Amino acid sequence: MKSLTYILLLTLGLGWLGCGSSDGIDSSQKERIEELGQLPRTAFNQGGVSFSIAELPELKMVHPDSVGWASYMAQTEDNGTIGYYFIKGYDLQLASPQIRIEYINKALPDCGSVEELFNWLKGVFVNDERQATVLNEGQTIATTDGQIVELLELRQPQLSLNDSLARSSKTMAYAYIDQGERFVALNFTATEDDAYDEGLPLFKDMILSYRKE
């Protein structure tokens, strides 16, 4: 009888330890998803992807046509920018903290999986030229429709290119959400630590609120 009681208690204890995580979504994320579900949503249907995200009151959506440097980004059937989000209170400038949303065809080189995309990013930034470091890799964030999304965070220091030119420091977060033959790509970038700390929770909320349409 004692051994049966012990086994029962052990089983219950293991159940408590795993509460809210059996599906890869912890309880705090589930609660936040429910809160975000009360907000209005913006729907997107472009580049072979269709989804919606919550309208976070701290963020302002800006169409690429209104973003001066967006014209330098490639816009094809396989890869292009869907929109930008800026934290309210910041000017519409390249140096301001911002979130860019793109679509990417998995058939493109180095784009077939999240692992390939992360390795490509690390190849671009974590090298002798850019000297970036990996701040975080492997953290997962759930979406409203039940996907589990990995996050990659990189930090690039300020670099002097010559006596009169320097490359600004920046911290970046990347996430890729599966949509069959394509990814919805989200990238948050900030040049100041305080701005990054302010924007990262909003970036995560955007991912949490994501829903395929």
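Please read these numbers as outputs of a predicted model, since none were measured by experiment.

### Re the pattern of salt bridges
Counted according to the given criterion, the structure contains eight salt bridges. Measuring nitrogen to oxygen at the nearest pair gives 2.8 Å for the salt bridge that ties Arg-32 to Asp-205. With a gap of 173 residues between them, Arg-32 in helix α2 (residues 27-36) and Asp-205 in helix α4 (residues 193-209) connect regions that are remote in the sequence. Among the salt bridges present, the one from Lys-106 reaches Asp-178, with a minimum N-O distance of 2.6 Å. Of this pair, Lys-106 sits in the loop between β5 (98-105) and α3 (114-125) while Asp-178 sits in strand β10 (residues 170-179), and the two are 72 residues apart along the sequence. You can call Asp-178 partly exposed: its relative accessible area is 32%. Overlapping salt bridges, with partners in common, bring together Arg-32, Glu-35 and Asp-205 in one network.

### Quick word on the sheet that holds strand β7 (residues 148-156)
The seven strands are arranged β3-β4-β5-β11-β10-β7-β6 in an open sheet whose pairing can be described as antiparallel. Only two strands of the sheet have a single partner each, and these edge strands are β3 (59-62) and β6 (133-142). On average, each strand axis in the sheet is inclined to that of its neighbour by 20 degrees, with strand direction left out of account. One ladder, built from four bridges, connects β3 with strand β4 (residues 79-87); its direction is antiparallel. Considered in β4, the bridge of Leu-59 is made with Ile-87. Relative to the sheet, α4 contacts β3, β4, β5, β6, β7, β10 and β11 (182-190), its axis offset from that of β11 by approximately 160 degrees.

### Quick look at the nonpolar core
Among soluble globular proteins, nonpolar side chains are generally buried collectively. Formed by 36 residues in total, the largest nonpolar core has its most connected members in Phe-51, Ile-101, Phe-203 and Ile-207. With eight residues, α4 is the largest single contributor of residues to this core. Discounting residues that sit within four places of it in the chain, Phe-51 has contacts with Thr-42, Ala-43, Phe-44, Ile-82, Ile-101, Gln-179, Val-184, Tyr-210, Arg-211, Lys-212 and Glu-213. Judged by nonpolar contacts, the second largest core, of 15 residues, contains Ile-104, Val-114, Leu-152 and Phe-183.

### Describing the side chain of Glu-153
For Glu-153, the position within the fold is in strand β7. Buried charge without a salt bridge: Glu-153, with Lys-204 as the nearest opposite-charge side chain at an N-O distance of 5.4 Å. Here Tyr-196 takes part through its side chain, which lies 2.5 Å from a polar atom of the side chain of Glu-153. What Glu-153 contacts, discounting residues up to four positions off in sequence, is Thr-133, Val-134, Leu-135, Asn-136, Gln-139, Met-172, Ala-173, Tyr-196 and Leu-200.

### Notes on the sheet that holds strand β12 (residues 211-212)
Taken together, the three strands give an open sheet; going across it, the order is β1-β2-β12, and neighbouring strands pair in antiparallel fashion. Each edge of the open sheet is held by one strand with a lone partner, namely β1 (41-46) and β12. Sheet topology note: the β1/strand β2 (residues 49-54) ladder contains six bridges and is antiparallel. Bridged to Phe-44 within β2 is Phe-51. Sheet strands touched by α4: β1, β2 and β12. Its angle to β2, the strand with the most contacts, is close to 125 degrees.

### Quick notes on the packing of aromatic side chains
According to the stated counting rule, one finds nine aromatic pairs in the structure shown. Ring geometry for Phe-188 and Tyr-196: centres 5.2 Å apart, planes at 15 degrees, overall stacked. The exposure classification of Phe-188 matches that of Tyr-196, with both residues buried. An aromatic cluster of three or more residues is present, and its members are Phe-44, Phe-51 and Tyr-210. Between the NZ or CZ atom of Lys-106 and the centre of the ring of Phe-183, over which it lies, the distance is 4.8 Å.

Definitions and limits used
Residues numbered from 1 in each chain as written. Predicted model: local features only at pLDDT ≥ 70, side-chain atom pairs only at ≥ 80, totals over all residues. Heavy atoms only, no water. Salt bridge = Lys/Arg side-chain N within 4 Å of Asp/Glu carboxyl O. Helix = DSSP H or I, 4+ residues; strand = E, 2+ residues; numbered from the N terminus. Buried < 20%, exposed > 50% of the residue type's maximum accessible area, 1.4 Å probe, protein only. Pairing = 2+ DSSP bridges. Axes fitted to C-alpha atoms, helices over the stretch in contact; angles between N-to-C directions. Contact = heavy atoms within 4.5 Å. Core = buried A, V, L, I, M, F, W, Y, C linked by side-chain atoms within 4.5 Å. Lys, Arg positive; Asp, Glu negative; His and termini not counted. Polar contact = N/O pair within 3.5 Å; in protein donor to acceptor, adjacent residues only side chain to side chain. Phe/Tyr/Trp six-rings, centres within 6.5 Å; stacked < 30°, edge-to-face > 60°. Lys NZ or Arg CZ within 6 Å of the ring centre and 35° of its normal.

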